[in-house]
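Topology and contacts: notes
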Amino acid sequence: SGCICSPFDARDPKDMNHTKGGLVIFTANSHPSSRELGKRIAERLGVEIGKVQVYQEDNRETRVQIQESVRGKDVFVIQTVSKDVNTTIMEMLITVYACRTSCARSITGVLPYFPYSKQCKMRKRGSIVTKLIASMMCKAGLTHLITMDLHQKEIQGFFTIPVDNLRASPFLLQYIQEEIPDYRNAVIVAKSPASAKRAQSFAERLRLGIAVIHGEAQDAESDMVDGRHSPPTIKTSGAIHPSMEIPLLIPKEKPPITVVGDVGGRIAIIVDDIIDDVGSFVAAAETLKERGAYKVFVMATHGILSSDAPRFIEESAIDEVVVTNTIPHELQKLQCPKIKTVDISMILAEAIRRIHNGESMSYLFRNIAMDD
């Protein structure tokens, strides 16, 4: 055939089959509290966390040293987002690249919360930063990504590798059924029309009603006055016929706050994917209490809870905030006893096990519709 045979090719053909590489789990985080999720996942899988040193040098550079062989192995790099999100990303990229240059067979990133996922839409003179982060991760050598409740499902399209976007809603639904005794008297609330689809998904699964708050100040970037609003300085003649004028889009005007749906004498459960700046949640809770709701819960997958969020929650009309442990928030819980945590390490561990064993992932996506 013209092939040059290696002397090793004389072995039994059965031995030449590619045996499954070993499973190695790394936590690519220099912050101890962020390694907690990695430990839980490793415990569930019955494996030790791989030996890796991730630290910041005095000049603030990130250094990664892998201290065991990963050649031919399936490596899973677990990274939870700490307070310093940019350091988190660099730790992830350098760890993945170190595994790639050490000849790992496959490198799967496990990022329960994908950083910069809110910047996935084009703003005026801005950029789609999520696409940049996705490209960097693929370039570093990632071969697969496991994440959870992406801010927009379409973010999966930014990657050139397979992405498994797992859902935390089964755990949050279980919490509602087990920890809220009279949840049958609850109503699922969307704090803005944008999150109505998510609220509908929860309401249909719990067989409950839905309410939507409309008219509050949106937390998206307002259309600030910038150069695009200013008229051209010189009248250009000949480009457009004088009688033709481009019709202007009528600016939006928020109506007064209205609650579509009845919340009187009910438990209100506000659902969203991320809770970070809590101002809109606090305002929604006040509105619901005014409309007669006797308890207000907030359920979200990712509890970023930055800056003074715990204090605002503690002082607000919100009775309880339930988030998952995709992001470490032990410090916030000390500041605010209203914050409760749901552990989602089980589904991440099962996803890792299935990918490593070459099993189907569809079991983890059962009963998930296109619009969920």
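This report concerns the structure included in the present document. On a predicted model such as this, the values are computed, not experimentally measured, just so you know. (Residues numbered from 1 in each chain as written. Predicted model: local features only at pLDDT ≥ 70, side-chain atom pairs only at ≥ 80, totals over all residues. Heavy atoms only, no water.)

**As for the nonpolar core**
Within the largest apolar cluster, 41 residues are counted, with the highest numbers of intra-cluster contacts made by Ile188, Ile269 and Leu348. The residues contacting Ile188, other than those within four sequence positions of it, are Ala199, Phe202, Ala203, Leu206, Leu208, Gly209, Ile210, Ala211, Ile269 and Val271. Among the nonpolar cores identified, the runner-up in size contains 34 residues, and Leu150, Ile155, Phe158 and Phe159 belong to it. (Core = buried A, V, L, I, M, F, W, Y, C linked by side-chain atoms within 4.5 Å. Buried < 20%, exposed > 50% of the residue type's maximum accessible area, 1.4 Å probe, protein only. Contact = heavy atoms within 4.5 Å.)

**As for the packing of helix 1 (residues 36-45) against helix 9 (residues 345-357)**
One way to put it is that helix 1 packs onto helix 9 with a least axis distance of 9 Å and a crossing angle of 60°. One element, helix 1, and the other, helix 9, form an angle in the oblique class. Relative to helix 9, helix 1 is oriented so that their crossing is right-handed. Every residue of helix 9 that contacts helix 1 at Leu37, Arg40, Ile41, Arg44 and Leu45 is listed here: Ser345, Met346, Leu348, Ala349, Ile352 and Arg353. (Axes fitted to C-alpha atoms, helices over the stretch in contact; angles between N-to-C directions. Helix = DSSP H or I, 4+ residues; strand = E, 2+ residues; numbered from the N terminus. Parallel < 35°, antiparallel > 145°, perpendicular 65-115°, else oblique. Left-handed = near helix turned anticlockwise from the far one by under 90°.)

**Brief notes about unusual backbone geometry**
In this structure, Arg60 takes a positive phi of about 70° despite not being glycine. Tracing the chain through its elements places Arg60 in the loop between strand 2 (52-56) and strand 3 (62-66). On the basis of relative accessibility, which here comes to 57%, the residue Arg60 falls in the exposed class. At Arg207, a residue that is not glycine, the phi angle is positive and equals roughly 55°.

**Some thoughts on the pairing of strand 11 (residues 267-275)**
Successive side chains on a regular strand alternate, one facing one side of the sheet and the next facing the other. Extensive coverage of strand 11 is indicated by the burial of nine of its nine residues. With eight bridges connecting them, strand 11 and strand 12 (residues 295-303) associate as parallel partners. For Asp272, the partnering residue across the bridge sits in strand 12 and is Ala300. (Pairing = 2+ DSSP bridges.)

**As for the sheet that holds strand 11**
Taking strand neighbours across the sheet as the criterion, the seven strands line up as 10-9-8-11-12-13-14 in an open arrangement whose pairing is mixed. The open sheet has two edge strands with one neighbour each: strand 10 (258-260) and strand 14 (339-342). Here the strands of the sheet are splayed against their neighbours by 25° on average, with no regard to which way each runs. Looking at chain direction, strand 13 (residues 320-324) and strand 14 are connected through four bridges and run parallel. For Val321, the partnering residue across the bridge sits in strand 14 and is Ile339. Contacts from helix 6 (residues 279-290) reach strand 8 (186-190), strand 9 (209-214), strand 10, strand 11 and strand 12 within the one sheet, and its direction differs from that of strand 11 by about 170°.

**Let's talk about the packing of aromatic side chains**
Here the structure, examined in full by the defined rule, presents one aromatic pair. Summarising the aromatic geometry, the rings of Phe114 and Phe159 are spaced 5.5 Å apart at their centres and angled 75° between planes, so their arrangement reads as edge-to-face. With a gap of 45 residues between them, Phe114 in the loop between strand 5 (106-111) and helix 3 (129-140) and Phe159 in the loop between strand 6 (144-148) and strand 7 (163-166) connect regions that are remote in the sequence. As far as burial versus exposure is concerned, Phe114 and Phe159 are alike and both buried. Sitting over the ring of Phe281, Lys191 keeps its end group 4.8 Å from the ring centre. If you follow Arg366 out to its NZ or CZ, it ends over the ring of Tyr363, 4.0 Å from the centre. (Phe/Tyr/Trp six-rings, centres within 6.5 Å; stacked < 30°, edge-to-face > 60°. Lys NZ or Arg CZ within 6 Å of the ring centre and 35° of its normal.)

**A short note on the pattern of salt bridges**
Any two side chains of opposite charge can pair, given that their charged atoms come close. Counted under the stated rule, the structure contains 14 salt bridges. One salt bridge in this structure joins Arg40 and Asp343, with 3.2 Å as the shortest N-O distance. Of this pair, Arg40 sits in helix 1 while Asp343 sits in the loop between strand 14 and helix 9; the two residues are 303 residues apart in sequence, bridging distant segments of the chain. We note a salt bridge from Asp74 to Arg105, for which the minimum N-O separation is 3.1 Å. Placement of the pair is Asp74 in strand 4 (residues 74-78) and Arg105 in the loop between helix 2 (85-101) and strand 5, with a sequence separation of 31 residues. A network of salt bridges, in which partner residues are shared, links Glu350, Arg353, Arg354 and Glu359. (Salt bridge = Lys/Arg side-chain N within 4 Å of Asp/Glu carboxyl O.)

**Here's the deal with the sheet that holds strand 1 (residues 23-27)**
Across the sheet, which stays open at both edges, the five strands sit in the order 1-4-5-6-7 with parallel pairing between neighbours. In this open sheet, the two strands that pair with only one neighbour each are strand 1 and strand 7. Geometrically, the sheet is characterised by an average inter-axis angle of 15° between neighbouring strands, direction not taken into account. Bridge count between strand 5 and strand 6: four bridges; the pairing is parallel.

**With respect to the side chain of Thr108**
Mapped onto the fold, Thr108 is located in strand 5. The contacts of Thr108, once residues within four sequence positions are left out, are Val75, Phe76, Val77, Leu142, Thr143, His144, Leu145, Ile146 and Ile355.

**Observations regarding the environment of Val163**
For Val163, the position within the fold is in strand 7. The spatial distance from the C-alpha of Val163 to the C-alpha of His144 is 6.1 Å, given a sequence separation of 19 residues. For Val163, the residues in contact, after removing those within four places along its chain, are Leu145, Thr147 and Gln156.

**Overview of helix 6**
For helix 6, with 12 residues, the first-to-last C-alpha span of 17 Å sits near the 16 Å given by 1.5 Å per residue. Each element contacted by the buried residues of helix 6 is listed here: strand 8, strand 9, strand 10, strand 11, strand 12 and helix 7 (309-315). Gly292 sits one or two residues past helix 6 and shows a positive phi near 105°. (Expected span 1.5 Å × (residues − 1).)

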